[in-house]
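# Architecture at a glance
So the chains spell out like this:
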Number of protein chains: 2
Amino acid sequence: MAATIRDVARASGVHVSTVSRTFSAPHLVNAETRNRVLAVAEDLGYRPNRAARALTTGRTHNIGLIVADISNPFFPPLIKAAQAHARARDYHVFVADTDEDPQVEEELIQTLAKQVDGVLLCSPRLSNRVIERLHAEVPFVVVNRRVKGMPTILMDVGQGARLAIEHLTGLGHRRIALLSGPSGSWTSGEMRAAAAAMDGVELVILGPNAPTERGGLAVAEEVIASGVTGVLAYNDLVAIGLIEGLYERGVRVPDDISVVGVDDIVAGRLNRPKLTSVAMPTAAAGRMAVDLLLQSFDEGATPTLATLDTHLVVRESTDRAALFPRG
Amino acid sequence: MAATIRDVARASGVHVSTVSRTFSAPHLVNAETRNRVLAVAEDLGYRPNRAARALTTGRTHNIGLIVADISNPFFPPLIKAAQAHARARDYHVFVADTDEDPQVEEELIQTLAKQVDGVLLCSPRLSNRVIERLHAEVPFVVVNRRVKGMPTILMDVGQGARLAIEHLTGLGHRRIALLSGPSGSWTSGEMRAAAAAMDGVELVILGPNAPTERGGLAVAEEVIASGVTGVLAYNDLVAIGLIEGLYERGVRVPDDISVVGVDDIVAGRLNRPKLTSVAMPTAAAGRMAVDLLLQSFDEGATPTLATLDTHLVVRESTDRAALFPRG
DNA sequence: TCAGGGGCTGCAACCGGTTGCATGAAACAT
DNA sequence: ATGTTTCATGCAACCGGTTGCAGCCCCTGA
C-alpha cells in the first residue's frame, strides 16, 4: 500500500498536521522540520492523495473536457492547447468522448462533476435546458454553443464564411453553393446567415448534408447540376468528399469548380488538390476556455462571451472562375 | 452546495448509513425505506460523491488512458473503443495527452495514480525502467511496448509486414523498399525483422524516416533511385507523403510504383489514390486493454501478453508490377 | 522581572462517504 | 413461553488529507 500522511508523521516523529503543512503551506513549518519530513516522505515514496485533499479543500485541480467525437480532427488541437495551458497553471485536464450521444454526455458530466473543478463543454450535443440544469452541479465553459448565463467561447464562422466567399468572388466566381451541415447545427446556421447577407453573389444552398466525406460525395451530382463555379462546404470532410465525387464525374478542382472547406484539418493538407479552408482558432479557444474557467473560480459569477476570429488559408482547391462555366 | 448523504439522511429521517446502503447495497435495506430515501435523494438532487467513496473503498471506478499524441489518427479508435467498453462495465475513462514528452508522461501518471484504479499506457515514451518504478503506484496495462511482468498488448506488425509484402509479390513485385520509422521504434524493428526473413524478394531498406508526411516526401527521391516497384512505408502518413513526392517527380502510383502504408488511418481513405494499408486492430486493443486491467484487479497479479493480428486492406495504391520497371 | 508577541507545532473536528458490529423487533421453531 | 434466526437499522470508526484554535517556547522591550 502507498504511504499516507500518517506513515510519514510516525516515521518522522511529528504530527500529521505538520506533514500536511509541509506540503500545502511550507512557510508555516520550521525549515529543519520541513527538511526532515521531506526526506522521510521521499524515502517512503509518499505523495499527497489529491482526491482526499479535494474532499476538504473543495479543489481538485482537475478540469474535465468533453467532446462529442475525439476522432474528429477538429478537436485534438483544442484539447492539446487546453491541456498545455492548464498544466502551466497547475491544473490537469481529463478528456472524455461522448460518442455523439447526449445520454452519455449527461452521464459523463455527472461522473466528472465531483472529480473536477469545472468542465469545458466543446460543441455539446445536449439541449441548452439540460446544460443549464447540470450547471448547478459543476461550473462550465461552453465552446461553440450559446448558452445564456454561462462563460462562452464562439468561433466566428460567420466571419469565416464571409472571408471564403470574398475570396471566391475575388477570383471571379458569381454563383456559389453553400453546402450546409446537419439541420440542428449552430455553425451551419451562422454560415448561412452570413452568406445570405452578402451581395454580389448568387447563393445556392444545398443540404442539409452529413458532416462527413460521405455527405460531400452524395451532394456532388447536385453541385454539378446547380451550375455553380464555387463551393463553400460545411467542413473539410465534406469538401474532400465533394472533390472526390466531382472527380469521379470528370469535373476537376479547381479548374472547373473551386472548393473551400472549413476547419483546416490535417487531412485537407494531405488531400490533392490541397484544400483551401477556413482555419478555426481551435488552439486559442482551448487556452481561452481554460482561462475563463479558472477566472470564474476566482471571481464568482462573471459569465463572459468571447468571439474568436477565423482566417482563410488559401491552397490549391480554389482558382479563377472558368470563363464559360458548364451548366 | 450539492446535497450530501447527511442532507438526505436528515430529510428522510434515517441514519446516513442507511442512505449509503440504499445506493451501494440496496438489497440490505427495506423496500419501503429505500423508496423513501430514493425519493428524497431525487428531490434534493443528491448524487454519491465518487471521490469520497473511493477514499474508503479504494476503488474509483475510473481508468486513466495515456497517449503520446491525441492528434495522431492512430489513437482515437483505440480511445473510443476503450471508453465504450469500460462504460459497459461501469468504469469511466479519462484520457490524457503527454505531448510526446516523457517528463509530462511521468507527471501525468503520478497525478492520475490516486484518481484511477489503473492506467492504460499506449505506446509509452518512458523507459521501461521508469515504467517499472511507477508500477508500484498504480496498475498498468501497456499497449505496443514490451515491459516484463506487466499485462501487455502488442499488435503484430511483423505479421502485417508479411501480409503487405506477400500482397506485393503476388502482384509481381520483386524489388521492394521498406521505409523504416524513427530509429528507436519497436514497431519499425519488428517490421524490418519480418521483412528480412521473407524470401523471393529483394529488400531495400531506406531510413530512418520521420513518421510524418514530411518524412515520406523527403525519401521520394531515394525511392525512385533505388529502382523498386513496390514500397512498404512505416505508416500511412509516410506513405501519403511519399505518394505526393513521387507525384511531383512524375512517378505515378500505382502505375509505376505500388505503395502500402500501415495504420489504415482515415486520411488514407481520403487520399487519391486511396491507400492500401495494413490495418491495426486498434479498437480490439482498446477493448482488450480494459479487459486485462479489470482482470488484473480481480485476480491479483497475472500478467498476460496478448498479441493481436493485423489485416491488409487493399485499395488503389497497389497494382501489378510494371513489366519494364524504370531504373 | 514580566507582559506581549511571533513562530512553530499539536489537537481535534471535519470533508462525504463505507462498513463491521451491536441492537432491537419480528418471525419462526420447539 | 422461550430460544433462535432473520431482517433492518443505528452506531462509530475509518479512508487521507486540511485547518481553526490553543498552547508552548523564546525573544523583545519596558
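Being a predicted model, the structure only gives us computed values, none of them experimental.

With that out of the way, let us pick up the protein's contact with DNA strand D. The immediate surroundings of DNA strand D are formed by 25 residues, with A:Ile5, A:Ser17, A:Ser20, B:His15 and B:Thr33 found nearest. When contributions to the surface near DNA strand D are tallied by element, the ones reaching two or more residues are α2 (16-24) and α4 (50-57) of chain A together with α2 (16-24) and α4 (50-57) of chain B. Taken together, the residues that form the surface near DNA strand D break down as 10 nonpolar, 13 polar and two charged.

Turning our attention to the pairing of strand β9 (residues 258-263) of chain B. All names here are of chain B. Judged by how many residues are buried, β9 sits mostly within the fold: six of six residues are covered. Here three bridges tie strand β8 (residues 230-233) to β9, and the two strands are oriented parallel to one another. Opposite Val231, over in β9, you have Val259 as the bridge partner. Each parallel crossover has a hand, and the one from β8 via helix α11 (residues 236-248) to β9 is right-handed. Direction of pairing for β9 relative to strand β10 (residues 276-279): parallel, over a ladder of four bridges. Looking across to β10, one finds that Asp263 is bridged to Ala279.

Once chain B has been moved 0.2 Å along the axis and rotated by 180°, it coincides with chain A to within an RMSD of 0.3 Å. Here the two chains are linked by the operation of a two-fold rotation axis. A shared interface surface links the copies, since 100% of the contact residues of chain B are contact residues in chain A too.

Residues and elements named next belong to chain A. Taken N-terminus to C-terminus, the directions of helix α5 (residues 75-87) and helix α13 (residues 282-298) make an angle of 40°; their axes are 7 Å apart at the nearest point. As the angle between them shows, α5 and α13 are arranged oblique. Considering the relative orientation of α5 and α13, their crossing is right-handed. In contact with Pro77, Leu78, Ile79, Ala81, Ala82, His85 and Ala86 of α5, α13 contributes Thr282, Ala283, Ala285, Gly286, Arg287, Ala289 and Val290.

With that settled, the discussion passes to the environment of A:Leu308. All names here are of chain A. Along the chain, Leu308 falls in strand β11 (residues 305-308). Sequence spacing of Leu308 and Met155 is 153 residues, and the spatial spacing of their C-alpha atoms is 4.8 Å. Discounting chain neighbours no more than four positions away, the residues touching Leu308 are Ile153, Met155, Asp156, Pro281, Ala284 and Ala285.

Let us look at the nonpolar core. Counting residues in hydrophobic clusters, the biggest one holds 159 residues, and the most contacted among them are A:Leu120, A:Val231, B:Leu120 and B:Val231. The residues touching A:Val231, leaving out its near neighbours within four places in the chain, are A:Ile176, A:Ala177, A:Leu179, A:Val223, A:Leu242, A:Ile257, A:Val259 and A:Val260.

This next bit is on the pairing of strand β8 (residues 230-233) of chain A. When a strand is regular, its side chains alternate between the sheet's two faces. Residue and element names in this part refer to chain A. Side chains Gly230 and Leu232 of β8 all project onto a buried face; the interleaved residues Val231 and Ala233 project onto the opposite face, where all are buried too. The pairing of strand β6 (residues 175-179) with β8 spans four bridges and is classified as parallel. Within β8, the residue paired with Ile176 across the bridge is Gly230.

In this section: the sheet that holds β10(B). All names here are of chain B. Pairing is mixed in the open sheet, where six strands are placed in the order β7-β6-β8-β9-β10-β12. Pairing within the sheet leaves two strands with one partner each, and these edge strands are β7 (202-206) and β12 (311-313). Mean inter-strand twist for the sheet, computed between neighbouring axes without regard to direction, equals 20°. Bridge count for β10 against β12 is three bridges, and the pairing is antiparallel. Opposite Ser277, over in β12, you have Val313 as the bridge partner. Lying over the sheet, α11 contacts β6 (175-179), β8, β9 and β10, oriented at roughly 155° with respect to β9.

With that settled, consider the sheet that holds β6(A). All names here are of chain A. The strand order across the open sheet formed by six strands is β7-β6-β8-β9-β10-β12, and the pairing between neighbours is mixed. Of all the strands in the sheet, just β7 (202-206) and β12 (311-313) have a single pairing partner and so form its edges. Strand-to-strand twist in this sheet, taken as the mean axis angle between neighbours without regard to direction, amounts to 20°. Across the sheet, helix α10 (residues 213-226) touches β6, β7 and β8, and the angle it forms with β7 is around 145°.

Basis of the calculations
- Residues numbered from 1 in each chain as written.
- Chains lettered and ligands numbered in written order.
- Predicted model: local features only at pLDDT ≥ 70, side-chain atom pairs only at ≥ 80, totals over all residues.
- Near = placed C-beta within 6 Å.
- Helix = DSSP H or I, 4+ residues; strand = E, 2+ residues; numbered from the N terminus.
- Nonpolar A, V, L, I, M, F, W, Y, C, P; charged D, E, K, R; others polar.
- Buried ≥ 20, exposed ≤ 12 C-beta atoms within 10 Å, placed from the backbone.
- Pairing = 2+ DSSP bridges.
- Right-handed = clockwise from strand over helix to strand, strands pointing away.
- Least-squares fit on C-alpha atoms with pLDDT ≥ 70 in both.
- Contact = placed C-beta atoms within 7 Å.
- Axes fitted to C-alpha atoms, helices over the stretch in contact; angles between N-to-C directions.
- Parallel < 35°, antiparallel > 145°, perpendicular 65-115°, else oblique.
- Left-handed = near helix turned anticlockwise from the far one by under 90°.
- Core = buried A, V, L, I, M, F, W, Y, C linked by C-beta atoms within 7 Å.

So yeah, pure geometry; function would need other evidence.
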